[in-house]
Amino acid sequence: GVNVRELAPISLRWIEVYPDPDPAQQPIFKAIFDIEDLTIDIGGVSNNIMTHARGSGTFWHGPYADYSAWPEGRYTAKFWLKLDSLYDGPIMDLVVATTNGTQLLAELGVNSFDFEAIDKWQIFEVNFDLPEWKEDDKIEFAGLRIRDFAPVSFLLVDVYSQTGG
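Report follows, based on the coordinates.

Cut-offs applied
- Residues numbered from 1 in each chain as written.
- Predicted model: local features only at pLDDT ≥ 70, side-chain atom pairs only at ≥ 80, totals over all residues.
- Heavy atoms only, no water.
- Pairing = 2+ DSSP bridges.
- Helix = DSSP H or I, 4+ residues; strand = E, 2+ residues; numbered from the N terminus.
- Salt bridge = Lys/Arg side-chain N within 4 Å of Asp/Glu carboxyl O.
- Buried < 20%, exposed > 50% of the residue type's maximum accessible area, 1.4 Å probe, protein only.
- Core = buried A, V, L, I, M, F, W, Y, C linked by side-chain atoms within 4.5 Å.
- Contact = heavy atoms within 4.5 Å.
- Polar contact = N/O pair within 3.5 Å; in protein donor to acceptor, adjacent residues only side chain to side chain.
- Phe/Tyr/Trp six-rings, centres within 6.5 Å; stacked < 30°, edge-to-face > 60°.

1. Some remarks on the pairing of strand β9 (residues 103-111)
At step 1: Sheet topology places strand β8 (residues 90-98) next to β9; eight bridges connect them, and they run antiparallel. Note that in β9 the partner of Val-95 across the bridge is Glu-107.
At step 2: Where β8 folds back onto β9 in an antiparallel hairpin, the turn is made up of four residues, including Thr-99, whose phi is positive at roughly 55°.

As structure tokens, this is what we get:
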């Protein structure tokens, strides 16, 4: 438990809970990328949240992370998105790629009907297989082909190994 005094000037974004690790298990790889790791093409940032209001094309791209320390295997990228207001139709495509975005590993189209509620953070999972690392190769988790006037916000992307590292 945590004791917080009334009127304490704090905020809590999330809590992650993990079971006690079994010493016999290999660690599971995890990485988190937020707006500090990404490049924004269309949108703005306020309170560490990237928001789109107008314009079509690339919402964000990057991080172009060197994945040489990542074990080859199956991964899940969890993109944290929020639909900010009513909207009807396609919103954007979530993309996982290597080789400066030219080698597509996985893609997910996001539509307004995919959101359970307005103004509530929701996770969109994209599963992908990471090939053996090649020298100077990078991995990217991008928000592409955003539609004009799509009212959506982006918080971060968590990446988890499914194969135990």
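2. A short note on the pattern of salt bridges
At step 1: Enumeration according to the criterion identifies six salt bridges in this entry.
At step 2: As a salt-bridge pair, Lys-82 and Asp-84 come within 3.8 Å of each other at their nearest N and O atoms.
At step 3: Relative accessible area serves as the criterion here: at 14%, Lys-82 is assigned to the buried category.
At step 4: Lys-82 is paired through a salt bridge with Asp-119; the nearest N and O atoms lie 3.3 Å apart. In this pair, Lys-82 sits in strand β7 (residues 73-83) while Asp-119 sits in the loop between β9 and β10 (122-130), placing the two residues 37 residues apart along the sequence.
At step 5: Here the residues in one salt-bridge network are Lys-82, Asp-84 and Asp-119, joined through shared partners.

3. Observations regarding the nonpolar core
At step 1: Residues Trp-60, Trp-70, Phe-79, Leu-81, Met-92, Phe-128 and Phe-141 are the most contacted members of the largest nonpolar core, which totals 34 residues.
At step 2: Breaking this core down by element, the ones donating at least two residues are β1 (30-34), β7, β8, β9, β10, β11 (138-144) and β12 (152-161).
At step 3: Broken down by element, the residue count for this core peaks at five residues, all from β7.
At step 4: Among residues more than four places away in sequence, those in contact with Met-92 are Phe-59, Trp-60, Leu-81, Leu-108, Gly-109, Val-110, Gly-143, Leu-144, Arg-145, Ile-146, Arg-147 and Val-152.

4. Regarding the pairing of β8
At step 1: The buried fraction of β8 is high, at eight of nine residues.
At step 2: In this sheet, β11 lies alongside β8 in antiparallel orientation, the contact comprising six bridges. Note that in β11 the partner of Val-96 across the bridge is Phe-141.

5. Concerning the side chain of Lys-82
At step 1: Here Asp-119 takes part through its side chain, which lies 3.3 Å from a polar atom of the side chain of Lys-82.
At step 2: The contacts of Lys-82, once residues within four sequence positions are left out, are Phe-115, Asp-119, Lys-120, Trp-121, Pro-151, Val-152 and Ser-153.

6. Some points on the packing of aromatic side chains
At step 1: The tally for this structure, following the rule as stated, stands at 11 aromatic pairs.
At step 2: Ring geometry for Trp-60 against Phe-154: centres 3.9 Å apart, planes inclined by 25°, an arrangement best described as stacked. You can see Trp-60 sitting in strand β5 (residues 60-61) and its partner Phe-154 sitting in strand β12, a full 94 residues away along the chain. Comparing Trp-60 with Phe-154, the two get one shared label, buried.
At step 3: Ring geometry for Phe-115 against Phe-124: centres 5.0 Å apart, planes inclined by 65°, an arrangement best described as edge-to-face. Here Phe-115 matches Phe-124 in class, with each residue buried.

7. Structural notes on the environment of Leu-155
At step 1: Take Leu-155: it is sitting in strand β12.
At step 2: Accessibility expressed as a relative area gives 4% for Leu-155, which makes it buried.
At step 3: Spatially, the C-alpha atom of Leu-155 lies 8.9 Å from that of Thr-51, the residues being 104 residues apart in sequence.

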